[in-house]
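# Close look at the chain arrangement
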Amino acid sequence: MSDRNPLLEEVGTSPLVEIRVSAPDAEAAHAMAKEIVGANLAACVQCLGPMTSVYSWKGEVHQATEWLLLIKTTADMFQSVSDLVMKRHRYAVPEIVAVPVSHALSSYSAWVRDSVLSPSEGGR
């Protein structure tokens, strides 16, 4: 029996993050998701939607239907993901927010890191 806790074990050096990006429609969301994973910037991107966003823009309240990308990657990849999103996104100020992952199953952490660092060895 092992004393190691698989939820707390860290593998690799770059912390895991989940980058959240809202997209204006399903087509844009899926295209960005495929490009991000295809460029080995993330192990996985989940596309959730449609959802309703209520937000303030230039002093007015707006409402829009959007899709949310949950991008599973490392902190080291944040700038590269942001650069790609900024090139592809229609919004002047897209949501690009990284949320730190405080705990993860060690095998999941290893898979995410392997997918972005050694894409040919990644896979779930």
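A brief structural summary. No experiment lies behind these values; they were computed from the predicted model shown.

### Topic: the packing of helix H1 (residues 26-38) against helix H2 (residues 78-88)
- At their nearest, the axes of H1 and H2 sit 11 Å apart, and the two run at 145° to each other. When the axes of H1 and H2 are compared, the crossing they make is right-handed. Between H1 and H2, the residues in contact are Met 32, Glu 35 and Ile 36 and Val 81, Leu 84, Val 85 and Arg 88, respectively.

### Here's the deal with the nonpolar core
- By size, the foremost hydrophobic cluster in this structure holds 20 residues, and its most contacted members are Ile 36, Leu 69, Ile 71 and Val 81.
- If you list the elements that add at least two residues to this core, you get strand E1 (16-23), H1, strand E3 (60-74) and H2.
- Apart from residues no more than four positions distant in its own chain, Leu 69 is found in contact with Ile 19, Arg 20, Val 21, Ala 29, Met 32, Ala 33, Val 45, Gln 46 and Cys 47.

### A word on the pattern of salt bridges
- Counted by the stated rule, this structure contains 4 salt bridges.
- Across the pair Glu 18 and Arg 20 runs a salt bridge whose closest N-O atoms are separated by 3.1 Å.
- Glu 18 gets classed as buried once you look at its relative accessible area, which sits at 14%.
- With a shortest N-O distance of 2.6 Å, Glu 35 and Arg 88 are connected by a salt bridge. Of this pair, Glu 35 sits in helix H1 while Arg 88 sits in helix H2, and the two are 53 residues apart along the sequence.
- On the basis of relative accessibility, which here comes to 28%, the residue Glu 35 falls in the partly exposed class.
- On the basis of relative accessible area, Arg 88 is assigned to the partly exposed category, the value being 45%.
- Shared partners join several salt bridges into a network, and the residues in it are Glu 18, Arg 20 and Lys 72.

### With respect to the sheet that holds E1
- Spatial ordering of the open sheet is given by E2-E3-E1-E4, a layout of 4 strands whose pairing is antiparallel. Across the chains shown, the open sheet's two edge strands, defined by having one partner strand only, are strand E2 (44-57) and strand E4 (96-100). The average angle at which neighbouring strand axes cross in this sheet is 30°, direction not considered.
- Examined bridge by bridge, E1 and E4 share 5 bridges and lie antiparallel to one another. For Ile 19, the partnering residue across the bridge sits in E4 and is Ala 98.
- Relative to the sheet, helix H3 (residues 106-117) contacts E1, E2 and E3, its axis offset from that of E3 by approximately 95°.

What counts, and at which threshold
- The residue count restarts for each chain, going from 1 along the sequence in the order it is written.
- With the structure being a predicted model, the display of local features is reserved for residues of pLDDT at least 70 and the display and counting of side-chain atom pairs for 80 or more, all residues being used for whole-chain, interface and lining totals.
- Hydrogens are left out, water is left out, and the side-chain values use all remaining heavy atoms of the structure.
- Interaxial angles span 0 to 180 degrees and are taken between N-to-C directions of axes, which are lines fitted to C-alpha atoms, for helices over the stretch in contact.
- Only DSSP runs of H or I covering at least 4 residues are called helices, and only runs of E covering at least 2 are called strands; the numbering of each starts at the N terminus.
- Here a crossing is called left-handed whenever its near helix is offset anticlockwise from the far helix by less than a right angle, and right-handed whenever the offset is clockwise.
- Working rule for contacts: check all heavy atoms of both residues, and any pair within 4.5 Å makes them a contact.
- Throughout, nonpolar core names a set of buried Ala, Val, Leu, Ile, Met, Phe, Trp, Tyr and Cys residues whose side chains join them through atoms within 4.5 Å.
- Note on exposure labels: buried denotes an accessible area under 20% of the residue type's maximum, exposed denotes more than 50%, and partly exposed covers the range between, all computed with a 1.4 Å probe on protein chains only.
- The term salt bridge refers to a pairing of a side-chain nitrogen on Lys or Arg with a carboxyl oxygen on Asp or Glu at a separation within 4 Å.
- Here, any two strands with at least 2 DSSP bridges between them count as paired.

Read these as spatial facts, not as claims about activity.
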